[in-house]
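Reading the structure
Letter by letter, the chains look like this.
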Amino acid sequence: RMANFPYHKTLADFDFSFQPSIDERQIRELASLTFIQEGSNVIFLGPPGVGKTHLAVALGMEAIRQRMSVYFVTMQRLVADLRRAYQEGRLDKRLRIYTQPKLLICDEVGYLPLDALDAANFFRLVSERYEHGSLIITSNTSFTNWGTLFGDQVLASALLDRLLHHATTINIRGNSYRMKDKLRAGVTH
Ligand code: ADP
Ligand code: MG
């Protein structure tokens, strides 16, 4: 699959009328990819099914269309991969997979709590990309809970400091698109 995307969807496939908490103009502005030229980040926050991964993939597909290097990884796979590399003494080399692309999309930060090694590896990745390559992150976990998520308040604030220094945060509040047809049919659970 292209750039390791879980699926191929574009902004044209996104129904903005379903998710009124999203400012369509802001997303279209992001799709100009100025944020990548500036090395700044985009963070999509919100509950499951509201379109975080879809929008991240759509921006990634636009970057590929403009011939930029893009790589997509879930947080779960990322930390597992870096952990294995660390244990095998090849962390520096392995990190390059994630530091080299012009745009790295890290999906689903917050679904799993991280131990100290995972947190340290992710911190290192964010530090190495800081002001040098853009990150798109999706998360269901608001920033105030990242201390708990990373098991370390000090590390979490240092991480957020770098991540948010040049960043756009998109907070999505709304219903899951996955539940759309069920809600329409009157099924509430
Ligand atoms: P999450 O926020 O959990 O990452 P996704 O972005 O993967 O959710 O969205 C779940 C599914 O619903 C995907 O197939 C996605 O393409 C679709 N989807 C979500 N929001 C919209 C929308 N506003 N318009 C069209 N499809 C959407
Ligand atoms: Mg998702």
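Structure first, text after, so check above.
Reference entry: report on the structure contained in this document. Remember, it's a predicted structure, so these values are computed and weren't measured experimentally.

**Digging into helix α4 (residues 75–87)**
The end-to-end C-alpha separation of α4 is 18 Å, in line with the 18 Å expected for 13 residues at 1.5 Å each. Among all positions of α4, only Met75, Leu78, Val79, Asp81, Leu82 and Ala85 are buried. Within α4, the buried residues cover an arc of 160° as seen down the axis, which keeps them to one side. Structural note: α4 exposes Gln76 and Gln87 on the side pointing more than 90 degrees away from its buried face. Tucked inside the fold, the buried residues of α4 contact β2 (70–74), α5 (91–99), β3 (103–109) and α6 (116–129). Glycine 89, located one to two residues past α4, shows a positive phi value of around 70°.

**A look at the sheet that holds β3**
A sheet is described by the order of its strands in space; here five strands give the open sequence β2-β3-β4-β1-β5, paired in parallel fashion. Strands at the two margins of the open sheet, each flanked by one partner only, are β2 and β5 (167–171). Ignoring strand direction, the axes of neighbouring strands in this sheet form an average angle of 10°. Taken together, the four bridges between strand β1 (residues 41–45) and strand β4 (residues 134–139) define a ladder with parallel strand orientation. Bridging across to β4, phenylalanine 44 finds its partner in threonine 138.

**Observations concerning the site of ligand 1**
The local shell around ligand 1 holds 14 residues, among which Tyr7, Lys9, Gly49, Thr53 and His54 are the closest. Here lysine 9 contributes a side-chain N or O atom positioned 2.7 Å from an oxygen atom of ligand 1. In the model, an oxygen atom of ligand 1 is placed 2.6 Å from a nitrogen or oxygen of the histidine 54 side chain. The fraction of the free accessible surface of ligand 1 (560 Å²) that becomes covered by protein chains is 90%. In this structure the site holding ligand 1 corresponds to the largest pocket. Across the shell around ligand 1, the residue classes break down as five nonpolar, four polar and five charged.

**Remarks on the environment of threonine 10**
Note on placement: threonine 10 falls in the segment before α1 (24–30). Under the relative-accessibility criterion, threonine 10 is labelled partly exposed at 28%. Each C-alpha atom, one on threonine 10 and one on alanine 56, is 9.3 Å from the other, the two residues being 46 residues apart in sequence. Residues within four places of threonine 10 in sequence aside, it is in contact with His54, Ala58 and Met61.

Conventions adopted
Residue numbers restart at each chain and count upward from 1, following the sequence in its written direction. Each chain is given a letter, starting from A, and each ligand a number, starting from 1, according to the order in which they appear as written. This being a predicted model, a pLDDT of at least 70 is required before a residue's local features are given, and a value of 80 or more before pairs of side-chain atoms are given or counted; all residues contribute to the totals for chains, interfaces and linings. Hydrogens are left out, water is left out, and the side-chain values use all remaining heavy atoms of the structure. Secondary structure follows DSSP: runs of H or I at least 4 residues long count as helices, runs of E at least 2 residues long count as strands, and numbering of each begins at the N terminus. Multiplying 1.5 Å by the residue count of a helix minus one yields the expected span of that helix. Think of it in three bands: residues with accessible area under 20% of the maximum for their type are buried, residues over 50% are exposed, and the middle band is partly exposed, with areas taken using a 1.4 Å probe on protein chains only. Think of it as the arc spanned by the lines of direction from the helix axis to the C-beta atoms. By definition, residues are in contact when any of their heavy atoms lie within 4.5 Å. Here, any two strands with at least 2 DSSP bridges between them count as paired. Here, axes are lines fitted to C-alpha atoms. For helices the fit covers the stretch in contact, and angles between N-to-C directions go from 0 to 180 degrees. Any residue with a heavy atom positioned within 4 Å of a molecule or strand is treated as near that molecule or strand. Polar contact criterion, stated in full: a pair of N or O atoms within 3.5 Å, where within protein one must be able to donate a hydrogen and the other to accept it, and residues adjacent in sequence count only if both atoms are side-chain atoms. Areas reported here follow the Shrake-Rupley algorithm with a probe of radius 1.4 Å; residue values treat only the protein chains shown as occluding. A pocket here means an open set of points on a 1 Å grid, computed over the protein atoms alone, that has protein on both sides within 12 Å along at least five of seven lines. A cavity is instead a set of points where a 1.4 Å probe fits but cannot get out; residues with an atom within 4 Å of a point line either one. Whether a molecule sits in a cavity or pocket is decided by its atoms, more than half of which must lie within 2 Å of the grid points. Residues are grouped as follows: Ala, Val, Leu, Ile, Met, Phe, Trp, Tyr, Cys and Pro are nonpolar; Asp, Glu, Lys and Arg are charged; all remaining types, including Gly, are polar.

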